[in-house]
2 protein chains.
Amino acid sequence: MYNTNLKTFLTSNLDIDEKAVLSLVEKCKVKKIKKNEFLLKVNEHCKHTFFVEKGLLRQYSIDKKGKEHILSFAPENWFVTDRESSYFNLPSSYFIQALEDSQVVLLDASFIQLLSEEIKSFTDFNNKLLHNHIRHLQKRINLLLSASAEDRYLQFVTMYPDILLRVPQTMVASYLGITPESLSRVRKELARKNFNQ
Amino acid sequence: MYNTNLKTFLTSNLDIDEKAVLSLVEKCKVKKIKKNEFLLKVNEHCKHTFFVEKGLLRQYSIDKKGKEHILSFAPENWFVTDRESSYFNLPSSYFIQALEDSQVVLLDASFIQLLSEEIKSFTDFNNKLLHNHIRHLQKRINLLLSASAEDRYLQFVTMYPDILLRVPQTMVASYLGITPESLSRVRKELARKNFNQ
């Protein structure tokens, strides 16, 4: 069984027994992808929400000058998708790429529909997921507008505790919207503060 | 009748006749606020979604150094709220303030519940509103990470066509995450390009 994490995620968040969730989850396709392979490329239509069973992915864009900007990381038990593309049926502005060998469960609109028909509490839970997404995006905008490089970094470490060890520093800098040099300065400064405490 | 715009908004987006919408909308409180007054302050709990009937509001935060950062503007027919505070019952990180004498309709959780019970298409419509919110926030993050001051300004003009004429330039710069000096340079440069065309 590949989709053990999704099963646990659903049974711990929804009012549903394990047998019922099993018969639902078995309907989903699982995809294995190698490091550096893509689940989505710019201008493609995103047809799925991906639940990460194993591995690590990133969602990013490339600007006019060819520079990459990371919108999000998705480690185990996270969802990743381009909601703009999938919900509004638009060509995507983003890439979704594996940063490690990964396994994802493919959830499509018909599966979401099935969940909302079969599980009474699903609509509320889905609503909560959407609000949580909005909450994180809003916080990110506020941090990009107002926070120092150090505060952004500290918030990143809280949100993605183990990702620092799994991705290159240039990607962390890209996510934070700062240069790799600034990130290096912030880390040295924090190390100095901790050493002096 | 104060809430004419909300009535039009609901009848044009939902499968509901005018009489039914009228009896629903009449249940909502309308609030008039003067320029510079607040609907929400930092650390308060946000209890409503505000639908702007008339006027203009802004949602903003203040950083450690006392600098203001504008998360959004809300002119007529827009909603404004702090979903993090209202949905998750948390103290707010934001202010919501009138920039002009305004009138807002106060929508609370019980009204949203009533709409979802009375109008079959409301759940789907609310879902669409949430996805649209996510789409805008995601786009804003991508612009803050990757776009030049000029591109951010042009996107702002498309999204809020008449707001440039209604707020001080310092607020536009605050929304864009650039200095007022950069904004001034961008505007001069765009004027020069248009003049030379």
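The structure presented is a predicted model; accordingly, all values stated were derived computationally and were not measured. Residue indices begin from 1 for each chain and proceed along its sequence in written order. Lettering of chains starts at A and numbering of ligands starts at 1, both following the order in which they are written. Two thresholds apply to this predicted model, a pLDDT of at least 70 for residue-level local features and 80 or more for giving and counting side-chain atom pairs, whereas whole-chain, interface and lining totals are computed over all residues. Heavy atoms throughout the structure, all of them, feed into the side-chain values; hydrogens and water do not.

**Things to note about the sheet that holds strand E2 (residues 38-40) of chain B**
Point 1. At least two DSSP bridges between two strands are required for those strands to pair. For the purposes of this entry, the term helix denotes a DSSP run of H or I that reaches at least four residues, the term strand denotes a run of E that reaches at least two, and both are numbered from the N terminus. Read from one edge of the open sheet, four strands run E2-E7-E4-E5 (chain B), paired in antiparallel fashion. The strands lining the two open edges of the sheet, one partner per strand, are E2 and strand E5 (68-75) of chain B. Put simply, the sheet's adjacent strands are angled 25° from each other on average, direction ignored.
Point 2. Across two bridges, the pairing between E2 of chain B and strand E7 (residues 95-98) of chain B is antiparallel. Bridge pairing in E7 of chain B places Leu40 of chain B opposite Ile96 of chain B.
Point 3. Any two residues whose heavy atoms approach within 4.5 Å are treated as being in contact. Inter-axis angles, ranging from 0 to 180 degrees, are taken between N-to-C directions of lines fitted to C-alpha atoms, where helices are fitted over the stretch in contact. The strands touched by helix H5 (residues 122-146) of chain A within the sheet are strand E4 (56-62) and E5 of chain B, with E5 of chain B carrying the most contacts at an inclination of about 130°.

**A word on the pairing of strand E4 (residues 57-62) of chain A**
Residues and elements named next belong to chain A.
Point 1. Whether a residue is buried, partly exposed or exposed follows from its accessible area with a 1.4 Å probe, protein chains only, as a fraction of its type maximum: under 20%, in between, or over 50%, in that order. For E4, a buried count of five out of six residues is recorded, marking the element as mostly surrounded by other parts of the structure.
Point 2. Where E4 lies against strand E5 (residues 68-74), six bridges are found, and the strand directions are antiparallel. If you follow Tyr60 over to E5, its bridge partner there is Ile70.
Point 3. Of the strand pairs in this sheet, E4 and strand E7 (residues 95-98) are connected by four bridges, and their pairing is antiparallel.

**Topic: the packing of aromatic side chains**
Point 1. Pairing of aromatic rings covers Phe, Tyr and Trp, the last counted by its six-membered ring, and requires centre-to-centre distances within 6.5 Å; plane angles under 30 degrees mean stacked, over 60 mean edge-to-face, and any other angle means tilted. Under the criterion given, the structure shown has 28 aromatic pairs over all chains.
Point 2. When the ring of Phe9 of chain A is compared with that of Phe79 of chain A, the centres are 5.3 Å apart and the planes differ by 75°; the resulting orientation is edge-to-face. Taken together, the positions of Phe9 of chain A in helix H1 (residues 4-13) and Phe79 of chain A in strand E6 (residues 79-80) put the pair 70 residues apart, joining distant regions of the chain.
Point 3. Given a relative accessible area of 29%, Phe79 of chain A falls into the partly exposed group.
Point 4. In this scheme, the term charge over a ring applies when either NZ of a lysine or CZ of an arginine sits within 6 Å of the ring centre and within 35 degrees of the ring normal. We note Arg135 of chain A situated over the ring of Phe88 of chain B; from NZ or CZ to the ring centre the distance is 4.4 Å.
Point 5. The ring of Tyr175 of chain B carries Arg140 of chain B above its face, with NZ or CZ at 3.7 Å from the centroid.

**Comments concerning the interface of chain B and chain A**
Point 1. Each partner contributes residues to the interface: chain B has 39 residues there, and chain A has 39 residues.
Point 2. Using a 1.4 Å probe, buried area is obtained as the accessible area two parts lose upon being combined, added over both of them. Between chain B and chain A, a total of about 3,500 Å² is buried, with carbon and sulfur atoms accounting for 66% of that surface.
Point 3. Among the residues chain B hides against chain A, the three largest losses belong to Gln138, Ile141 and Leu145 of chain B. Together they make up 19% of the total.
Point 4. By definition, a salt bridge exists where a carboxyl oxygen of Asp or Glu is found within 4 Å of a side-chain nitrogen of Lys or Arg. Our enumeration of links across chain B and chain A arrives at four salt bridges.
Point 5. The partner of Arg135 of chain B in a salt bridge is Glu84 of chain A, with the nearest N and O atoms 3.4 Å apart.
Point 6. Under this definition, polar contacts are N or O atom pairs within 3.5 Å; protein pairs additionally need one hydrogen-donor-capable and one acceptor-capable atom, and for neighbouring residues in sequence, both atoms have to be side-chain atoms. On inspection of chain B and its partner chain A, the count reaches 12 residue pairs in polar contact (both at pLDDT 80 or more).
Point 7. Residue assignment for the side of chain B that touches chain A shows that the elements contributing at least two residues are E4, E5, helix H3 (83-88), helix H5 (122-146) and helix H7 (169-176) of chain B.
Point 8. The biggest single contributor to the side of chain B that touches chain A is H5 of chain B, with 20 residues.
Point 9. Classification used: nonpolar for Ala, Val, Leu, Ile, Met, Phe, Trp, Tyr, Cys and Pro, charged for Asp, Glu, Lys and Arg, polar for all others including Gly. Grouping the amino acids of the side of chain B that touches chain A by side-chain chemistry returns 14 nonpolar, 14 polar and 11 charged.

**Points about the sheet that holds E6 of chain A**
All names here are of chain A.
Point 1. Taken together, the four strands give an open sheet; going across it, the order is E1-E8-E3-E6, and neighbouring strands pair in antiparallel fashion. In the strand order of this sheet, the two ends are held by strand E1 (29-33) and E6, each with one partner.
Point 2. Two strands pair when backbone bridges link them, and E1 and strand E8 (residues 102-107) are joined in this way by five bridges, in the antiparallel orientation. Within E8, the residue paired with Ile33 across the bridge is Ser102.

**Things to note about the side chain of Arg140 of chain B**
Point 1. Following the sequence through the fold, Arg140 of chain B ends up in helix H5.
Point 2. The convention is simple: Lys and Arg are positive, Asp and Glu are negative, and His and the chain ends are not counted. One buried charge, Arg140 of chain B, has no salt-bridge partner; the nearest side chain with opposite charge is Glu68 of chain B, at 13 Å.
Point 3. In terms of polar contacts, Arg140 of chain B uses its side chain to reach the backbone carbonyl oxygen of Tyr175 of chain B, at 2.8 Å.
Point 4. If near-sequence neighbours (up to four positions away) are discounted, Arg140 of chain B is found in contact with Ile141 and Leu145 of chain A together with Ile70, Leu71 and Tyr175 of chain B.

**Details of the relation of the copies chain B and chain A**
Note that the two copies of the chain are related through a rotation about an axis and a translation along the same axis.
Point 1. The copies are overlaid by a least-squares fit using only the C-alpha atoms of residues whose pLDDT is at least 70 in both copies. Overlaying chain B on chain A yields an RMSD of 0.0 Å, the required transformation being a rotation through 180° with an accompanying axial translation of 0.0 Å. Read as a symmetry element, the transformation amounts to a two-fold axis.
Point 2. Both copies present the same face, since 100% of the interface residues in chain B are matched by interface residues at the equivalent positions in chain A.

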